[in-house]
Amino acid sequence: MLTITQSLVDRIVAHARADHPDEACGVVAGPAGTDRPERFIPMLNAARSPTFYEFDSTDLLKLYREMDDRDEEPVVIYHSHTATEAYPSRTDISYANEPGAHYVLVSTADADGAGPFQFRSFRIVEGEVTEEEVEIVSAY
């Protein structure tokens, strides 16, 4: 289960809406070993595409060095889908290389009639996708 603050959910959704119609992407880092997302890090979608996201390799290397220096790890890796439901695509699954991370997808398309966005979390380990419950809290 992903436990995340309402503030972080709001920031992820705002980023997804701001970058629409392109996919938004980013990371929420947290103290290593805690599974607690704390530091919101919006990233630039280097692909600048409505159907694909890609972290800039230089930005990603800088981020991982920074997280290492701060004894952090990527707790949440998020991106948006602009025209489809919030479910990992085959490409998303193939690029998922952090088995301990929660992969959050936000859909900015009203794909299911449930409202203006979907916010869902998945674990992706060795190509296997498992949806998980999301608990939104006011604070940790």
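Parameters and conventions
Within each chain, residue numbers correspond to sequence positions counted from 1 in written order. Where totals are concerned, whole chains, interfaces and linings use all residues; where local detail is concerned, this predicted model gives features only for residues with pLDDT of at least 70, and gives and counts side-chain atom pairs only at 80 or more. In computing side-chain properties, one takes all heavy atoms of the structure into account and sets aside hydrogens as well as water. Here, the term nonpolar core denotes a set of buried Ala, Val, Leu, Ile, Met, Phe, Trp, Tyr and Cys residues that are joined through side-chain atoms within 4.5 Å. Three labels apply to residues, based on accessible area from a 1.4 Å probe with only protein chains included: buried if under 20% of the type maximum, exposed if over 50%, partly exposed otherwise in between. Going along the chain from the N terminus, every DSSP run of H or I of four or more residues is numbered as a helix, and every run of E of two or more is numbered as a strand. Here, residues are in contact when the closest pair of their heavy atoms is within 4.5 Å. Think of a 1 Å grid over just the protein atoms. A cavity is a set of points where a 1.4 Å probe fits yet cannot get out, a pocket is an open set with protein on both sides within 12 Å along at least five of seven lines, and lining residues have an atom within 4 Å of a point. Grid points are joined across faces, edges and corners, and a volume is the space filled by probe spheres set on the points. An expected span of 1.5 Å times one less than the residue number is assigned to each helix. In this description, the arc belongs to the directions extending from the helix axis to the C-beta atoms. For this analysis, a salt bridge means a side-chain nitrogen from Lys or Arg found within 4 Å of a carboxyl oxygen belonging to Asp or Glu. Any two rings among Phe, Tyr and Trp, with Trp reduced to its six-membered ring, count as a pair given centres within 6.5 Å; such a pair is stacked if its planes are under 30 degrees apart, edge-to-face if over 60, and tilted if neither.

Draft legend 1. Seen up close, the nonpolar core. In this structure, Met43, Phe55, Leu63, Ile77, Tyr103 and Ile124 are the most contacted members of the largest nonpolar core, which totals 18 residues. Of all the secondary-structure elements, those providing two or more residues to this core are strand 2 (25-31), strand 3 (39-43), helix 2 (57-69), strand 5 (102-107) and strand 6 (118-125). For this core, the element with the most residues is strand 2, which contributes 3 residues. Dropping the residues within four chain positions of it, Met43 is found in contact with His15, Cys25, Gly26, Val27, Phe55, Asp59, Leu60 and Leu63. The next biggest cluster of nonpolar side chains, apart from the first, holds 15 residues, and it includes Ile4, Val13, Ala16 and Phe119.

Draft legend 2. Quick peek at the layout of surface pockets. In this model, the largest pocket occupies a volume close to 330 Å³. What lines the largest pocket is a set of 15 residues, and nearest its centre among them are Tyr53, Phe55, Leu60, Tyr95 and Asn97. Mapped by element, the contributors of at least two residues to the lining of the largest pocket are helix 2 and helix 3 (90-95). In terms of residue count, helix 3 provides more of the lining of the largest pocket than any other element does, 3 residues in total.

Draft legend 3. Geometry of helix 1 (residues 6-19). Given a rise of 1.5 Å per residue, 14 residues ought to cover 20 Å, and the 20 Å separating the end C-alpha atoms of helix 1 matches this to within 8%. Taken as a whole, helix 1 has its buried residues at Leu8, Val9, Ile12, Val13, His15 and Ala16. Here the buried residues of helix 1 occupy an arc of 155° about the axis, which is enough to place them on one side.

Draft legend 4. Spotlight on the pattern of salt bridges. If you walk through the whole model with that rule in mind, you get 8 salt bridges. A salt bridge links Arg70 to Glu72, with the nearest nitrogen and oxygen atoms 3.4 Å apart. The partly exposed category is assigned to Arg70, whose relative accessible area is 49%. Counted as one network, the salt bridges with shared partners bring together Arg39, Glu66, Arg70 and Glu72.

Draft legend 5. Layout of the packing of aromatic side chains. Following the criterion strictly, the structure yields 4 aromatic pairs and no others. Judged by centre distance (5.9 Å) and plane angle (10°), the ring pair of Phe40 and Tyr78 falls under stacked. Of this pair, Phe40 sits in strand 3 while Tyr78 is found in strand 4 (residues 72-81), placing the two residues 38 residues apart along the sequence. Side by side, Phe40 and Tyr78 carry an identical accessibility label, which is buried. Between Phe52 and Tyr95, the aromatic rings sit 6.1 Å apart at their centres with planes inclined by 65°, giving edge-to-face as the arrangement. A residue pair is termed long-range when its members are at least 10 positions apart, and Phe52 in the loop between strand 3 and helix 2 and Tyr95 in helix 3 qualify at 43 residues. On the basis of relative accessible area, Tyr95 is assigned to the exposed category, the value being 53%.

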